[in-house]
Amino acid sequence: MKYERTCIPQEEIDRQLSICHDIFDRITADGRRPLAMVDTYGCQQNEADSEKLRGYLAEMGCGFTGDEYQADIIVVNTCAVREHAEMRVLGNVGALNHTKKARPDQLIAVCGCMVQQEHMAEKIKKSYPIVNLVFGPHELWRFPELLLQVMEKRRRIFATEKNAGVVAEGIPSKRDGSVKAWLSIMYGCNNFCTYCVVPYVRGRERSRLPEDIVREARELVAAGYRDITLLGQNVNSYGKDLDCGVDFADLIRMINEIPGDFLIRFMTSHPKDASEKLFQTMAACEKCAHHIHLPVQAGSNRILRAMNRSYTREKYLEKVAAARKWMPDLVLTTDIIVGFPGETDEEFAETLSLCEEVRFDAMFTFIYSKRVGTPAASMPDPYTRADKQKHFDALTELANRISAEKHAAYIGTRQRVLVDGETGREEYKLSARTNGGRLVHLNGSSDLIGKFIAVDIVSGNTWALYGKVAEQDG
Ligand code: 5AD
Ligand code: SF4
């Protein structure tokens, strides 16, 4: 399905940047550097969006704080995927009543997927009067303009109109780390899985132009980033909306050609579009990590159909076999939903058996959460929360056991890892990731951060591997 792409012209982004400078003059007028806080919920795409919000805030002259009592501007970037995330947001926004009382000039913005839902924007309007600004994901590019309106008009602004989505280049990013970077390659989702709210709040699939992505990847490598994760709700359908002859596998090849020692990762892949060409390309590109996050969601064909996932259990297993044929060392992770409306004990048992068969390195498991406006929300759901919890606990136990077994197989091996930070603990001070993305704790000097080194794995549990530095080859 094609639709008209709305690209925000560069002049518009330049105008936003010049508004940042007006805001700078206004908020630094008393000679004090204002502080901002950006609180992020949800997925990596939201993390990437928050880096853009921070980029704009830095242009406005803001410093950053993690203390809501110190902040002059608070931006809460929200998630709508499950009710639990929404409850946490609402609880934390409610708690800002105290900070606002202590600092009545504090500006509070709530943005992102949760408020793109009409009922949630309404809820904030009615029940959270401390919130000055509300905007959805499609309006992020004009955050400076919206903030200036709040400052000038001294009234609340709500910008959450329905929208198929935009592509905006040139927004500055203030990235979180110096080793790992997120790189969005596309936005939105066309899949409409029946349980999922994402297509409603993030709009249709829009791919960034390959040249813009490659330019950003080059800049990241030049700036010293060593681990670049390409982001999209479904990266495997990259380019389908562009008609430029570049698909996701081609994009990996283009980024792989950038000189330098770095890793290419990506997420998330939809199984229906994960092709043999992709696996072959991953195997052929030396910078591409041998890791695929391939959400299966369920093991029963009836449930997969009811979820509108467009593949069967058998097709999924075929894809896994093909991926492992090209990459015998592949690390495979997945997402699973337990308790989809009407899922029986027998159907859940098919999820367990699929997991036993595939043996995922790690599984992210969720209890189904009803989302307003999605088809699954009106499907009959006779099972209780307690029934679902029982299934969830059984699945967690299985996932933990398999992860521990998989990790045990690393003991005694030498792995090339990228050291990415400190753990803050006395013992095993450094954290690192294997090529496949498994977490490794080790001891060593913080000079190793940002380097690829060889590590001998000495132990492991469900969550992590433990190693000692073997030799430096980075
Ligand atoms: N309830 C529970 N889990 C969900 N996910 C998406 N929507 C829901 C929902 N309504 C899970 C899926 C997806 C992951 C990001 O979140 O497993 O892959
Ligand atoms: Fe949601 Fe399915 Fe799109 Fe993933 S592919 S964002 S689960 S609709």
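Up top is the structure.
Quick caveat, the model's predicted, so the values are computed rather than measured. The numbers attached to residues start from 1 for each chain and follow its sequence in the written order. Chain A is the first chain written and ligand 1 is the first ligand written, with later ones labelled in order. Local features in a predicted model are, by the rule used here, given only for residues with pLDDT of at least 70; side-chain atom pairs are given and counted only at 80 or more, and totals for whole chains, interfaces and linings are based on all residues. Computation of side-chain values covers all heavy atoms of the structure but excludes hydrogens and water.

Colleague: Sorry, what's going on with the environment of L398 here?
Modeller: Topologically, L398 is positioned in helix α14 (residues 385-408). Sequence-distant contacts of L398, that is, excluding residues within four places in its chain, are made with L352, C355 and E356. Each helix is a run of H or I in the DSSP string that is no shorter than four residues. Each strand is a run of E no shorter than two, and both are numbered from the N terminus. By the convention used here, residues are in contact when the closest approach between their heavy atoms is within 4.5 Å.

Colleague: I keep staring at the pattern of salt bridges and nothing clicks. Help me out?
Modeller: A side chain of one charge can pair with a side chain of the opposite charge when the charged atoms of the two come close. Salt-bridge detection follows one rule: a side-chain nitrogen of Lys or Arg within 4 Å of a carboxyl oxygen of Asp or Glu. Using the criterion set out here, one finds 34 salt bridges in the structure. Ionic pairing is found between D381 and K388, a salt bridge with its closest N-O pair at 2.8 Å. Linked by salt bridges that have partners in common, E12, R15, E139, R142 and E145 make up one network.

Colleague: What is the right way to read the site of ligand 1 from this model?
Modeller: Around ligand 1, the neighbouring residues are V81, R82, Y195, Q297, D335, I337, F366, I367, Y368, S369 and R371. Residue Y195 places a main-chain N or O atom 3.0 Å away from a nitrogen atom belonging to ligand 1. To be clear on the numbers: accessible area is Shrake-Rupley with a 1.4 Å probe, and residue cover counts the displayed protein chains and nothing else. Against a free-state accessible area of 410 Å², the protein chains account for coverage of 86% of ligand 1. Contributions of two or more residues to the shell around ligand 1 are made by β15 (331-338) and β16 (362-367). Counted by class, the shell around ligand 1 contains six nonpolar, two polar and three charged residues. By convention in these notes, a residue is near a molecule or strand provided one of its non-hydrogen atoms lies within 4 Å of it. In the analysis that follows, any N or O atom pair within 3.5 Å is treated as a polar contact, provided that within protein one partner can donate a hydrogen and the other can accept it, and provided that, for residues neighboring in sequence, both atoms belong to side chains. Under the scheme applied here, ten amino acids are nonpolar (Ala, Val, Leu, Ile, Met, Phe, Trp, Tyr, Cys and Pro), four are charged (Asp, Glu, Lys and Arg), and all others, including Gly, are polar.

Colleague: I keep staring at the pairing of strand β2 (residues 35-40) and nothing clicks. Help me out?
Modeller: Along any regular strand, the residues point their side chains to alternate faces of the sheet. Note: β2 against strand β3 (residues 63-64), two bridges, orientation parallel. Within β3, the position partnered with A36 by the bridge is F64. Handedness rule for crossovers: strands pointing away from the viewer, path from the first strand over the helix to the second running clockwise, crossover right-handed. Following the backbone out of β2, through helix α2 (residues 44-59) and into the adjacent parallel β3, one traces a crossover that is right-handed. At least two DSSP bridges between two strands are needed for those strands to be called paired. Relative to strand β4 (residues 73-78), β2 runs parallel, the two being bridged by five bridges. Opposite V38, over in β4, you have V75 as the bridge partner.

Colleague: I'm lost on the packing of helix α12 (residues 313-326) against helix α13 (residues 345-358) in this one. Help?
Modeller: A pair of packed helices is characterised by two quantities: the angle between their axes and the separation of those axes. Running from N to C, α12 and α13 cross one another at 15 degrees; their axes reach a closest spacing of 11 Å. When the interaxial angle is binned, α12 and α13 end up roughly parallel. Classified by chirality, the crossing of α13 by α12 is right-handed. Residue-level contacts link R313, Y316, L317, V320 and R324 of α12 to E350, S353, L354, E357 and V358 of α13. For the contact of α12 with α13, a count of residues per class yields five nonpolar, one polar and four charged. The axes are straight lines fitted to the C-alpha atoms, using for helices just the contacting stretch, and the angles between their N-to-C directions are given from 0 to 180°. Reported orientations rely on four angle classes, namely roughly parallel under 35 degrees, roughly antiparallel over 145, roughly perpendicular from 65 to 115, and oblique for the rest. By definition, turning the near helix anticlockwise from the far helix through less than a right angle yields a left-handed crossing, and turning it clockwise yields a right-handed one.

Colleague: Any chance you could explain the packing of helix α1 (residues 10-27) against helix α6 (residues 143-153) here in plain terms?
Modeller: With their axes 8 Å apart at the nearest point, α1 and α6 run at an angle of 35 degrees to one another. As for the relative orientation of α1 and α6, their crossing is left-handed in sense. Judged by residue contacts, R15, Q16, I19, C20, I23, R26 and I27 of α1 engage F143, P144, E145, L147, L148, M151 and E152 from α6. Per-class residue counts for the contact of α1 with α6 are nine nonpolar, one polar and four charged.

Colleague: Help me understand the sheet that holds β15 in this model?
Modeller: The strand order β14-β15-β16 describes an open sheet built from three strands, whose pairing is parallel. Every interior strand has two partners, whereas the edge strands, β14 (291-293) and β16, have only one. Along the sheet, successive strands turn relative to each other by an average axial angle of 10 degrees, direction set aside. The sheet contact formed by β14 and β15 spans three bridges and is parallel.

Colleague: Looking at this structure, I do not really get the packing of aromatic side chains. What am I missing?
Modeller: The relative placement of two aromatic rings is captured by the distance of their centres and the angle of their planes. Aromatic pairing here means that ring centres of Phe, Tyr or Trp (its six-membered ring) are within 6.5 Å. Orientation follows from the plane angle: under 30 degrees is stacked, over 60 is edge-to-face, and everything else is tilted. The final tally for this structure, using the stated rule, is eight aromatic pairs. Pairing F248 with F266 gives two aromatic rings, centres 5.0 Å apart and planes at 80 degrees, and the pair type is edge-to-face. You can see F248 sitting in helix α9 (residues 248-256) and its partner F266 sitting in strand β13 (residues 263-267), a full 18 residues away along the chain. Residue F248 shares its accessibility class with F266, and that shared class is buried. Between Y428 and Y466 the ring centres are 4.8 Å apart and the planes differ by 65 degrees, which places this aromatic pair in the edge-to-face class. Here Y466 lies in strand β21 (residues 465-472) and Y428 lies in the loop between β17 (414-422) and β18 (430-434), a separation of 38 residues in the sequence. Summarising the burial analysis for this pair, Y428 and Y466 share the class buried. By the ring-pair criterion, three or more aromatic residues cluster together here, those being Y195, F340 and Y368. Positioned above the aromatic ring of F158 is the side chain of K125, whose terminal nitrogen or guanidinium carbon lies 4.7 Å from the ring centre. The ring centre of F452 lies 4.2 Å from the NZ or CZ of R416, which sits over that ring. To sort residues, take the accessible area from a 1.4 Å probe on protein chains only and compare it with the maximum for the residue type: under 20% means buried, over 50% means exposed, and anything in between is partly exposed. In our convention, an over-ring charge means Lys NZ or Arg CZ found within 6 Å of a ring centre and within 35 degrees of that ring's normal.

Colleague: Whenever I open this one, the side chain of N234 confuses me. Can you help?
Modeller: Mapped onto the fold, N234 is located in the loop between β12 (227-231) and α9. At 3.0 Å, the side chain of N234 and the side chain of D273 are in polar contact. In this structure N234 touches M186, N191, E205, T268, S269, H270, K272 and D273, once residues within four positions along its chain are discounted.

In short, shape yes, function no, at least from these values alone.
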